[in-house]
Structures are given as C-alpha cells and as structure tokens.
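Letter by letter, the chains look like this.
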Amino acid sequence: MATEVKLPRLGQGMESGTIVKWLKSEGDPVEKGEALYELDTDKVTQEVEAEASGVLLKIAVPEGEVEVGKTIGFIGSEGEAVSAPADEAKPKAEEKPREQAPKPVAEPAEPAPATDGSTNGRIKASPLARRIARERGIELSQVRGTGPDGRIVAVDVTSVGKPGEAEPEIRPAAVESRPLSNVRKTIARRLTQAWTVPAFQLTVNVDMTRANELVQGQRELNPEVRITVTDVLTKVCAQGLMRHRDMNVQYADDALLVFPSADVGIAVAAPQGLVVPVVHGAERLTIAQIAAVRADLVGRARDAKLRTGDLEGGTFTISNLGMYDVDQFIAVLNPPQASILAVGSTRDQVVPVDGELHVLPVMTMTLTCDHRAVDGATGAEFLRTITSFLEDPGLAL
Amino acid sequence: MPELSYREAVRDAIATAMREDQDVFIMGEDIAEMGGSMGVTHGLVDEFGHERVRNTPISEMALAGAAIGAALQGMRPIAEIMYEDFMTLAAEQVVNQAAKHRYMSGGQLKVPVVFRTQGGAGWSPGAQHAQQLEAWFVHIPGLKVVFPSTPEDVRGLLWSSIYDDNPVVFFEHRTLYGIKGSVPEKIEPIPIGKARVHREGEDVTVIATGRLVHESLKAAEEAEKEGISVEVVDPRTLQPLDEETLVASVKKTNRAVVAHEAVTRMGFGAEVASVLQYQAFDWLDAPIERVGARFTPLPFAPVMEAFVVPHAETVLEAIHRTVDRQS
C-alpha cells in the first residue's frame, strides 16, 4: 500500500498551506526524513520532510494552496499503482479521456522552479487570457493564475494594471504588480491589527560602555559563536521581564494573560519579509546559549527554513536596527504581544557626568506598549531596570 | 396563444400539412388505428383514411425505401420509424439512397422525405429502445438533421422539414411528448438551420439538444442562485448547424458546455466543441465541457438508467468546472 502524503498541521490555527514546489519528482526515490517539498504557511516557508521511504509515486497537488490533511502525494514501492484520493477526484464526464500518460523514468530529474501559473516554464493560460494579454502588452509571466491548476484566466489579466481606456502602447516600465506572499499578507494583517491597539512609547538613552565590554568578554569566552549586542539585550530583557511580571503579559479581551517565562522574539529582516523567531525561555539561558539559538534562528529565517514552532509563543519582541545606523525609531506592536523594544545604534556622544563632559557610547531605545495591558509607569519601571542592567550588567545576576 | 403538448404539436403539423397538401402522407408501423406506438398519429386515419395514413409491414428498410421512392416521384412523404434504434434497419435506404440521389443526379432529382423517429431514456426502455443516434446521421452529407425540444419548435420545424426538398431525419424525444407549451395560432415555419437562445446569460453558454435543453434550463436556474449567469442555446437543427449563433454566444460568455443525452464519445457535442474551439479560440477562458451519457448500453433498471444518462445536476457540475477559480 502506498503511503499518502498529507498536508501536515504545522502550528496552531493552521488551516491550509501553499505548496511552493516539490523537491522531488514523480519516480524519485525518497528517504524518510528527506526534504520532500517546500510549504508556505502564513508564517513561514519551510521544507517538509518525507514521513516514509520509497518512491514518490505521484504528486497529487503540484503547487498551490491546500487544506490541512488533504492528500498531496503518494510514496510507495516502485511501479505501485495509486488512485487519486476521493476528495481530489473532480467529477468528470465519464467519456472524457483521463489522459495521464505515465512519465518516462528518464524525465529531467530537476523540476524547473515552478512559479504561479506555470509548469516547467510553460505558462498555463486560457486562449482568451492570452489574447487579452497580447492586445494589452501584458507579460503573462507577471500574472498570477487563479483558474483551475493555476491557469491564468481572463480576469487575472484584465485585473492587471489600469482598467478603462486601452492605451495603444503600454510601457514595459509600468507599475509592476507582485502577488502578495503569505508572509507579506500576514505582516499586513497583523500590523494593521496592531494599529488598532492604543499604544504609548517611552524612550531612554543608555550608556553602553559596560554592555560593550560584556559583549567583548563573552566573545573571548565563547569563540564558537559570535555574540552580539542583541544577545545581551535579549538576556537583559528576559531578566527584566521576570522582575516585572506585569510586563510579560497579553491583553485577551476578558483577561490579562501573564506568562511564566520570557519568550523573546527577535525581528529579522528575511528576504521574504519581516519574521520574528522566538528565543524561548530566554531567562534560563546564558548569553552564549542565547547567541547560539539566535544565530540558528536568524540563519534559518534568512534561508526561509523556519518552522512554525520557531515563530510561536513570543511574549516580547526586540527590534534592533542599530546595524543600519538608525539613531532611534518607534516599533509597531507585534500582536498579541503587549510590548516591543526598538533599539537604535550605539554612537559616541558627549555626556555630562558629575559636572564633567565625557564621551560615551550611547544607545537610544524606545519601548512601545499596549496600553490596554500595560500602564506608563509599569513600562517606565521595566525600562529603568533594563537600562540599569545594561549599564551595570552585574545587577542582572 | 394556444397550448399544445409536444405530441399534439407533431400531430398538428402533420395533419395541417395533409389537409392543405395532397402530396403529403404518412406511413409507418401501426400508425393508423393504433395511432403509432407513442400515440402521435392518433386519429389521423379517421380524418385522412388508409390511403394517406398507411400501415406498413414490419420492415423499416421497406418503408423507408417506399417513402424515398414516393419522394422521388414528387410526393412529400413522412416515414415514421417507431424507435430511433430501428433507424439502423432503415440506414441503407436513408444513408445510401436518400442522402445521395440529389447529388448523384446532378440536382435533377429531389428527395423531399422526412424520417420521423423518436428515442430517449427516462422510462426504462432498456438498451434497444432508447438510443440517441442523431450523431450518426449528422455525419452523412446529403441529410438534414433536426432535433426539436419544445412544442413550438417541433411543430414549426416539422413543417419546414416536410417542405424541404432534401431528406430530413427528424428526431423527437420520448420523454418530451407530454410537455406542454404555447404555440402560435397558425403554424409558423421555423427555418432549418436556426438555433434558439432559450435564456440569455453572461458567464457560460450551455449548448444543449433534446431533453437536455430542459435539464440545462433547470441547471441554469440553480446556477443563477449561485450568481452564475448561464445562457442556454438549442441548435434545434444539427445539420445544417447554426454556427454563427453558437459562436456569437460563446464569444460573449467565454465559456461553453455542450450537453446531450447521447453518449459523449463521438457525440454531437464533440462536433460543436470543435466548431467552438476553432471559431472562438481566442475567446475561450476555460476548456469546453462535455455532458452526455456514460459509455455503456442503456441499463433497464431505473436507478442504473438514471446513473447513466445526464441530468440537470450533471450540467450544473460542468458549469461549475468552467467557472472554477482557485481561491
């Protein structure tokens, strides 16, 4: 019996996912645990591993959105016949020849990178859609198909660009319409949601002399992982959150959820868009441990290999744009979290200390809080704590 | 406007033509006293006598040949072939004789004969008494093929068939004999080769014949509740085919379903689909869907029969496939 490959539920609330591409072709041998296909959920794009060994007999869903639990392929022994799953088989007039010519085994093993609406470079479009595209000078490769199997149909083409009077010539440099990725849609939805939250901001300047020394010292102690200011900030914030439990909260309409551990999210600019992987239980980790976790998360975020669990359960977020030489900024809340810390770059500044002018490395950070969950004074006390931890790291012990 | 059943409409066309024209007569098996196995010619023998309402021996080939001979001699005979299935027995005369004489004589001979026949599932007639063989005759140059679906159409088209100088194979559907519809007071001939748009729509054109016209209209009503606007067109004449009307409709809606009760394979819908894909290629936004019977002899058991032939739901499913979009 062939094993059905079903779309897994990779996190709470996941109802569907979008198959980006298969990493194996029909007829390829597959080992259990080997990456089988790339899946785009509303949070991440990740490779999904095969749950059985054998031969990939059939790809039932080559690409596109699929509900959780639906059969998307079959793994079995060579030559084994598979039937399309019942929920896949579309009603068809019986006489219609179901042409499924068996693929020769020597097909090119590398499937061309599939883009929406195309397979192996061939763009699927209805004749009407092709004619409209030809008349309007629209590149079909720029159009996302919404017809069956991703076929580009007329409405996909007519909705590109401006409707109305047909200009005789459309410049190729016209506005490019890129379909939204799931990550981009999620960013848009969640940040719009954040905008409805009453929020306030608190800004402080921090003397980073000792924190920088700590980073240096830690680097010497732990040469195997590159420790950064963000790691120290993560540790410091985690300690601060444990001391100010009123900060480690979420507003939940009829209750305030108070979390037992500091699960600190770190905003990462990944190629596909902003993602916020979480360092879970940061208060229990050493700076070096945090650095190792952080390096792994950021690396996988950039390679689009985060798993859903990496993104779930954050209670607080750090967004550090210091490396981009940003002096200071205000971050938008990362719902449902109640607070987010926006960190600027550290710059030498002239600071009066005990009546004398000193040149000190100063960092400006701004805390944004959900006022439904956190009051100004609570936020201020938290900020004062983490400022003192950064200026005198020993206090965090 | 008076209301007639499909059966009465056929009878009215025959009777009116026979009243007005001595050249018109009808022959067939048990059509006189019995009124035909479907009751279509009921009462005609009383009015016109046995000379013009002629019972024939049980030989479709003989009665078809006799009708062709009469037609060649200047009469306008109507030959009733009791079941469409029995057209196979008359095929030699219809296909090799009637269809050829005008051509082979260089136009010197005319063959103004009508072969009226009927078929269709829905009443458990079994495998040998319900076939839909219209496509066979559409394939023969020299024949005209008519398949009306309403009382008005069957009356107006039978009239035109009687007065056409070419052999016409005239298909009636068994399950439509009882349906009623309003008809003009006086018979208005309907030109052969003219389709009828039963219902206008924007999203998909269903081109249906015979019983499937009515099933398609039901499907269109269902689709409308879902916001899908369906145009239903009945070609009425399969040969010659009103390609212009069909193509214009599909150019408007960009999607097409062809539907008939005959099996899909090599069915009339295949020809329509071919015409559409060629003439409306650049207007098609979805593959043309085909609806027809499953490829099997018709089962006798009612549930199996219902499973084999298409219904409104089958048409609706095809409509859905043409407008299918990914979310």
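Throughout what follows, the structure given in this document is the object of discussion. Since the structure is predicted, the reported quantities are computational estimates derived from the model, not experimental observations.

1. Describing the pairing of strand β19 (residues 339-353) of chain A
Residues and elements named next belong to chain A.
Logical step 1: With 4 bridges connecting them, strand β18 (residues 316-320) and β19 associate as parallel partners. Along β19, the bridge assignment pairs Thr-317 with Ile-340.
Logical step 2: Bridge count for β19 against strand β20 (residues 356-370) is 13 bridges, and the pairing is antiparallel. Paired with Leu-341 across the two strands is Leu-367, which belongs to β20.
Logical step 3: A loop of 2 residues connects β19 with β20, the two strands running antiparallel in sequence, and Asp-354 in this loop sits at a positive phi of about 50 degrees.

2. Digging into the sheet that holds strand β14 (residues 264-266) of chain A
Residue and element names in this part refer to chain A.
Logical step 1: The mixed open sheet is built from 6 strands, whose spatial order is β11-β20-β19-β18-β14-β17. In this open sheet, the two strands that pair with only one neighbour each are β11 (199-207) and β17 (278-279).
Logical step 2: As judged from the 3 bridges shared by β14 and β18, these two strands associate in the parallel manner. Within β18, the residue paired with Gly-265 across the bridge is Thr-317.

3. Quick word on the interface of chain B and chain A
Logical step 1: On the chain A side, the residues contacting the 20 residues of chain B number 18 residues.
Logical step 2: With 3 residues, strand β14 (residues 289-293) of chain B is the largest single contributor of residues to the side of chain B that touches chain A.
Logical step 3: Of the residues contributing to the side of chain B that touches chain A, the split by class is 7 nonpolar, 5 polar and 8 charged.

4. Observations regarding helix α12 (residues 312-323) of chain B
Residues and elements named next belong to chain B.
Logical step 1: For α12, spanning 12 residues, the distance from its first C-alpha to its last is 17 Å, which sits close to the expected 16 Å at 1.5 Å a residue.
Logical step 2: Among the residues of α12, Thr-314, Val-315, Leu-316, Ala-318, Ile-319, Thr-322 and Val-323 are the ones counted as buried.
Logical step 3: The inward-facing, buried residues of α12 abut β10 (204-208), α8 (211-225), β11 (230-234), β13 (256-263) and β14.

5. Considerations on the environment of Thr-205 of chain B
Logical step 1: Note that Thr-205 of chain B resides in strand β10.
Logical step 2: Remark: the alpha-carbon pair of Thr-205 of chain B and Val-257 of chain B, spanning 52 residues in sequence, is separated by 6.2 Å.

6. With respect to the sheet that holds strand β4 (residues 35-40) of chain A
Residues and elements named next belong to chain A.
Logical step 1: Taken in spatial order, the 4 strands of this open sheet run β5-β4-β2-β7, and their pairing is antiparallel. Across the chains shown, the open sheet's two edge strands, defined by having one partner strand only, are β5 (45-49) and β7 (64-67). For this sheet the average axis-to-axis angle between neighbouring strands, irrespective of direction, equals 40 degrees.
Logical step 2: As defined by bridge partners, strand β2 (residues 16-22) adjoins β4 across 4 bridges and the pair is classed as antiparallel. Looking at the pairing, Thr-18 lines up with Asp-40 of β4.

7. Remarks on the packing of helix α9 (residues 243-253) of chain B against helix α10 (residues 268-279) of chain B
Residues and elements named next belong to chain B.
Logical step 1: Closest axis-to-axis distance for the α9/α10 pair is 10 Å, and the angle between their directions is 60 degrees. Of the possible angle classes, the one that applies to α9 and α10 is oblique. Considering only the axes of α9 and α10, their crossing is right-handed. Every residue of α10 that contacts α9 at Glu-243, Leu-246, Val-247 and Val-250 is listed here: Val-272, Val-275, Leu-276 and Gln-279.
Logical step 2: Residues that form the contact of α9 with α10 fall into these classes: 6 nonpolar, 1 polar and 1 charged.

Cut-offs used in this document
Residues numbered from 1 in each chain as written. Chains lettered and ligands numbered in written order. Predicted model: local features only at pLDDT ≥ 70, side-chain atom pairs only at ≥ 80, totals over all residues. Pairing = 2+ DSSP bridges. Helix = DSSP H or I, 4+ residues; strand = E, 2+ residues; numbered from the N terminus. Contact = placed C-beta atoms within 7 Å. Nonpolar A, V, L, I, M, F, W, Y, C, P; charged D, E, K, R; others polar. Expected span 1.5 Å × (residues − 1). Buried ≥ 20, exposed ≤ 12 C-beta atoms within 10 Å, placed from the backbone. Axes fitted to C-alpha atoms, helices over the stretch in contact; angles between N-to-C directions. Parallel < 35°, antiparallel > 145°, perpendicular 65-115°, else oblique. Left-handed = near helix turned anticlockwise from the far one by under 90°.

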